[in-house]
Every structure is written in structure tokens, then in C-alpha cells.
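One-letter residues, chain by chain:
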Amino acid sequence: AGGGGPLLPDSVLYEIFLYLDHVDVLAAALVCRQWHAVARDEFLWKELFYRYYRISREVPRHPAAVSWYDEFQRLYDTIPCVEVQALKEHNDQVLHLSFSHSGCLFASCSKDCTVKIWSNELDISLQHSSNMRPYNWSYTQFSQFNSDDSLLLVSGVFVGPHNSSSGEIAVISMENFTLLSRVRNKPYDVFGCWLNETNLISGNLHRIGRITSCSVLWLNNAFQGIESENVNVVKRLFKIQNLNASTIRTVMVADCSRYDSPDLLLDYEEQLAASSTSTCPVFDLGSDSEEEEAKPKQTPEPAGQELPDDGDVTAEDGLQQFFDDIMEGRVRPAMTETELETKVAELFIRNRTKPPELNLLPTDSNSKTKYLIFTTGCLTYSPHQIGIKRILPHQMTTAGPVLGEERRSDEFFDSLDHVIDIHGHIIGMGLSPDHRYLYVNSRAWPRDCVISDPMQPPPIAEEIDLHVFDLKTMKEVKRALRAHRAYTPNEECFFIFLDVSRDFVASGAEDRHGYIWDRHYNICLAKLQHDNVVNSVAFSPVEQELLLTASDDATIKVWRSPRMVRIQQARKPRPRKLLFSWLMNQKS
């Protein structure tokens, strides 16, 4: 650091640095006689950082960063972009990856119809493999460990009579890898998820008409096969009507208890105010902003189900009036069968839906309230909205009536507490570790598209937009991230799983790469290559410098950061040179 490197004026050194490659910047600085002065020059490293990463100067430094140089080094040295291992035990497309909460194990699902459990050590090794074909499964598609890592939920496609496909969920004990229970899950891309240590959520679908249906979400006890006959092992949670061929899919649960102490605040103004100890105001999920709290509350309805106000006419009277108009030929222009079914369903749901329960949101950080989050829609069958429904503490157990609380005739369906419209086909969702932010992969529709037929959704973009929503304010934060691409049309579109760590977000893509972005700066940091579509990514929950990617090339790749690679190489014992060994043998 103090050797014979060139002595350059600071201005010249600064201009040289601006044109050097990222790695060369650090190398040049290290051999420079002025290294110690440069390392202390915050202005130089700040300018270099903004110019190299092309970040707006309105973006502040990461709140945990000590200096701009340290931040420059973090984004170079701690990104898991070095491939250290390729796991090829699957013999077909690998669809999903999930870590245990301890980070000691992870599970993989595949088109080969197995779920494999891996031991996450320095060299990752296969610990167990369960074949689900004996249970008439076509393939496994999703897995999730419960909160204490004692149980594994595995979701797959079940082939029933006449080759009709629906889903099924299996629960596997991590103590001895035995199958504890199986639960039907329809449609199969509901996937399923854990609500708590012993209860999981599944779905069922009931057809009402050609494009109208009812989704029922069930709470299931994981130990159904061994529970007492006097204890319920299943209970209905919610019953929601679907319009225009839409269905509920991709359920997940967000815990509200950590909203006031997130790992990373994405709103820059909120970061500056984070030192304040004041509690954030309680908001209504049905409103669009916190400022609306002072306004009179209105009962929110799922998007796409609002009808013009007809004064004091009830929905039931409106339905009868509508039928009378049809019979007497007063409905103009003539409605198609699809439009007629949708209109009747909208009128019916207005008089048969239970309103949301207001003023039941958490008022302190110890609240046990959770949100059920899922994809849905109101215009077409492709998922284009995110529905959010509160789960209250008394709903988190299978105790009580199997069909839930007793309902009046005007409470046949449950309403949603909030709906987020994406204006595109949703192909992936993931929660931040603190459950404060929801990340959503979507492929956008044309800006001014009109959907006249629910069975003909608009064309979707090849670019994938990664949106970020704050679940405390229900607002989109940051601008949508872009870099990854997908090519399949609507009818062939499939889920691409993403994952979020404390500082990074990663996603697969159809362009044969995985991608990593920085959550604070909103920039793409790395592309991780495979030989085919990358379906899933997963950060270690205890070490964000370890990332797994799963691909249609039947391979799971293990990626570590340059820093961790150096540390692990230093720990490995170096082999003794052959000449030295021969000399030692000669002496003996």
C-alpha cells in the first residue's frame, strides 16, 4: 500500500477511477501510493458509486453503511454470484427450492415427482428423497418448512379419475421422513402454506357457472391421521366468489407483528424518520392511504364488483328488476351469455357477501393478526390482482364448527379486505424476511387494453416487472425492477419463484438466468447462468451470501459471494507438495 506506485494528483486519480472496471478500481487503489488518502476520501467514493451503478443522486446511502467505500465493497464482495457446486440428483426439471428457518436444510421439488431434502454444509449433500408417484402424483411443485422446522409441506399435482388433474398437499415429518397426512388442493396452483406450526391452508374450487365459481380456503391440521375423533382436523376459513373465470391461487401468510421494526425500510423519507420512536398510525386495508383514515369508512368490495349506485334499491330488488328487463326486452344492447352470467353474479354477490370487519387491525407489535395473501382477478382467468384477507386469532385453529362460524343468508360469501391491481399477468410473489414488503413478478398488459372476453386475456409483455408493495400502507414503493424476461404466452405462462433476503431480492427467468438486485438501491447486481429456464431461487435465511437456483436443466446450482469463497478456501487444508513429501520419506 505504500510501495512504488505512481504518485498522481487527486483529480487525475479520480478521472482514472471513473473509467476503470469495478474490480480494477479496487486493484488500482491498492497499488497506489495514495491508497490511505483515497480510502478516506468519501467524496471520491461517493461520486464513483453513483456513476458506476448509475444511481440517482437522490438515493441516500444504505442506512447500515459506515462509508461509501464500504458500500462499494459490499456490492462487489457480498453478492452470491460465484458458482461453487452443481447438484444433479434430480432427473427432470427442478421447479422449487425452500430453506428451513435454521438454514441447515433445504428441500427441492421436481417434475421427476420427488421431493429431496438436502443438508446445507460446506459441501451440500442429499439427505433424503421421497417419491410421490405411489400416491398418484404427476410431479411435486412447491414445499415449505413450518416455523420450527419439524414438518415439511409438499404440494404437487394429483392425477385423479379420468386423468383429471387437481392438487394435493402432503405433510412429511422431519424427524423420520414419514408421511403424516395428505390434503386435497384445488386448483393445484393454490400451492398451500403454513398458518402456524401445526395448521396449513389449502383450497377447493366449486363451479357455479361457465365462468363463475367459488373458492373455499380450508384450515387443516397436519396430524389428521392420528388426531382424536373428537377433535376437528379441518375448518373452513373463507368462501370467496370468483368472476370471469378467475380463481384464487398462490396463497401465502404474512405476519403483522414485525411491521414496526423492519429489517430494511425502502422509503427513503421513512428511513430518515426511523430514529423517531413514535408508533406508526393504524390504517384501514380498504383505504388507499393513511390520510383517508379520518374519512368515513365505506365497506370495501373486491375490485371489479362495484356497481352503479341505484339509490335505495337493494341488490335483491336489482336482480329481480334485471330479470324483468330481460324478459320484456328492455336490455339493450343484447348481452352475450358470458356478459349475462357476469352481470347476474355481480348482482347476486352484492346481497350475499359478508362485509369486512373494521377496526380489527393490530394496534401494537405483539398482535397475532396475520394476512392471507393470494392472486386473484375480476376481468379474466389470468391472475392480475392480489387479494388480502385478515386472519384473526380465533380463526387460527381447527377448533369449532367445521364450516366456521354460523352465517346468515346474506353472508354467503366473504369479502376481501384489500385488492391490489397489477394490470398484468402475475407470475411470482415473495415476502421480505420481516413480512413488511411484498415483491411481485408480473408481465404487463398493453396500457389501454380492453378485455371483452374473459377467456381471451390481453397479450403479455416479454419483460418481467418486479413490483414492491408496502403491506403496512398498501402502496407500491420504488419503481418496478426490470432485467429478467419470459416468453411463454398467457395460456402457457407458469410461476417463476422469487426470494428476498435482508438486502437483496432474487428471481428466476425464462432467459436461462437468475437475477439479483439490491433492495435499497434498486439496481441489478448479478446474472446467474443456467442452460434452461430458471424456475426458483432461494437465499439461506441465516446467510444471504448463499443462494440456490433451480432450473429446467435438472440442476440446482449453489452460489456464494466472493468473500465467502475466500474464507472457505482459507479454511481448507492445503495439500502437501509431492516433492516435499518425497524428501520427507527419504529422510525417514
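Since we're looking at a predicted model, the values are computed, not measured.

**Examining the pairing of strand E12 (residues 213–221)**
Here is step 1: Within E12, 9 of the 9 residues are buried, leaving the element largely enclosed by the surrounding structure.
Here is step 2: With burial as the criterion, each face of E12 is covered, one bearing Ser 213, Ser 215, Leu 217, Leu 219 and Asn 221 and the other bearing Cys 214, Val 216, Trp 218 and Asn 220.
Here is step 3: Note that strand E11 (residues 199–207) and E12 share 9 bridges and pair antiparallel. Looking across to E12, one finds that Ser 202 is bridged to Trp 218.
Here is step 4: As paired elements, E12 and strand E13 (residues 234–242) share 8 bridges and run antiparallel to each other. Within E13, the residue paired with Ser 215 across the bridge is Ile 240.

**Notes on the pattern of salt bridges**
Here is step 1: Going through the model one piece at a time under the given rule, you end up with 19 salt bridges.
Here is step 2: A salt bridge links Arg 560 to Glu 543; the shortest N-O distance between them is 3.6 Å. One end of the pair, Arg 560, is in strand E30 (residues 556–560); the other, Glu 543, is in strand E29 (residues 543–551), with 17 residues separating them in the sequence.
Here is step 3: Between Glu 545 and Arg 563 there is a salt bridge whose closest N-O contact spans 2.7 Å.

**Considering the packing of helix H4 (residues 42–53) against helix H5 (residues 68–77)**
Here is step 1: Orientation of H4 relative to H5, taken along the N-to-C sense of each, is 35 degrees, at an axis distance of 8 Å. Across from Glu 42, Trp 45, Lys 46, Leu 48, Phe 49, Tyr 50, Tyr 52 and Tyr 53 in H4, the residues of H5 making contact are Trp 68, Tyr 69, Glu 71, Phe 72, Leu 75 and Tyr 76.
Here is step 2: In terms of residue class, the contact of H4 with H5 is made up of 11 nonpolar, no polar and 3 charged.

**A word on the nonpolar core**
Here is step 1: Of all hydrophobic cores here, the largest spans 18 residues; its most connected members are Ile 373, Ile 386, Leu 438 and Leu 471.
Here is step 2: Every element with two or more residues in this core is listed here: strand E14 (249–255), strand E16 (370–376), strand E17 (385–391), strand E20 (424–431) and strand E21 (437–444).
Here is step 3: For this core, the element with the most residues is E20, which contributes 3 residues.
Here is step 4: Apart from residues no more than four positions distant in its own chain, Ile 373 is found in contact with Thr 250, Val 251, Met 252, Ala 254, Ile 386, Gly 387, Ile 388, Met 429, Leu 431, Leu 438 and Leu 471.

**Regarding H4**
Here is step 1: Given a rise of 1.5 Å per residue, 12 residues ought to cover 16 Å, and the 16 Å separating the end C-alpha atoms of H4 matches this to within 8%.
Here is step 2: For H4, the full list of buried residues reads Leu 44, Trp 45, Glu 47, Leu 48, Phe 49, Tyr 50 and Tyr 53.
Here is step 3: One or two steps after H4, the chain reaches Arg 54, where phi turns positive at roughly 55 degrees.

**Regarding the packing of aromatic side chains**
Here is step 1: For the structure on display, the rule yields 20 aromatic pairs.
Here is step 2: Within the aromatic cluster, the residues linked to one another by ring pairs are Trp 45, Phe 49, Tyr 50, Tyr 52, Tyr 53, Trp 68, Tyr 69, Phe 72 and Tyr 521.
Here is step 3: The ring centre of Tyr 139 lies 5.0 Å from the NZ or CZ of Lys 111, which sits over that ring.

**Side note on the sheet that holds strand E26 (residues 513–518)**
Here is step 1: Across the sheet, which stays open at both edges, the 4 strands sit in the order E24-E25-E26-E27 with antiparallel pairing between neighbours. Two strands in the sheet have a free side with no partner beyond their single neighbour: strand E24 (498–500) and strand E27 (523–529). Averaged over all adjacent pairs, the angle separating strand axes in this sheet is 15 degrees, with direction ignored.
Here is step 2: Bridge count between E26 and E27: 6 bridges; the pairing is antiparallel. Bridge pairing in E27 places Tyr 515 opposite Lys 527.

**Regarding the confidence of the model for the protein**
Here is step 1: For the protein, the mean per-residue pLDDT works out to 80, and 73% of the residues sit at or above 70.
Here is step 2: Within the model, pLDDT remains below 50 along residues 275–312, and this stretch shows 62 contacts once partners closer than five positions in the same chain are excluded.
Here is step 3: Every residue in residues 359–366 is under pLDDT 50, and counting partners more than four places away or in other chains gives 15 contacts.

**Details of the sheet that holds strand E23 (residues 475–476)**
Here is step 1: Strand order in the open sheet formed by 4 strands is E20-E21-E22-E23, with antiparallel pairing between adjacent strands. Each end of this open sheet is capped by a strand with a single partner; those strands are E20 and E23.
Here is step 2: In this structure, strand E22 (residues 465–470) lies alongside E23, joined through 2 bridges in antiparallel fashion. The residue of E23 that forms the bridge with Phe 469 is Glu 476.

Definitions and limits used
Residues numbered from 1 in each chain as written. Predicted model: local features only at pLDDT ≥ 70, side-chain atom pairs only at ≥ 80, totals over all residues. Heavy atoms only, no water. Buried < 20%, exposed > 50% of the residue type's maximum accessible area, 1.4 Å probe, protein only. Helix = DSSP H or I, 4+ residues; strand = E, 2+ residues; numbered from the N terminus. Pairing = 2+ DSSP bridges. Salt bridge = Lys/Arg side-chain N within 4 Å of Asp/Glu carboxyl O. Axes fitted to C-alpha atoms, helices over the stretch in contact; angles between N-to-C directions. Contact = heavy atoms within 4.5 Å. Nonpolar A, V, L, I, M, F, W, Y, C, P; charged D, E, K, R; others polar. Core = buried A, V, L, I, M, F, W, Y, C linked by side-chain atoms within 4.5 Å. Expected span 1.5 Å × (residues − 1). Phe/Tyr/Trp six-rings, centres within 6.5 Å; stacked < 30°, edge-to-face > 60°. Lys NZ or Arg CZ within 6 Å of the ring centre and 35° of its normal. pLDDT = per-residue confidence, 0-100.

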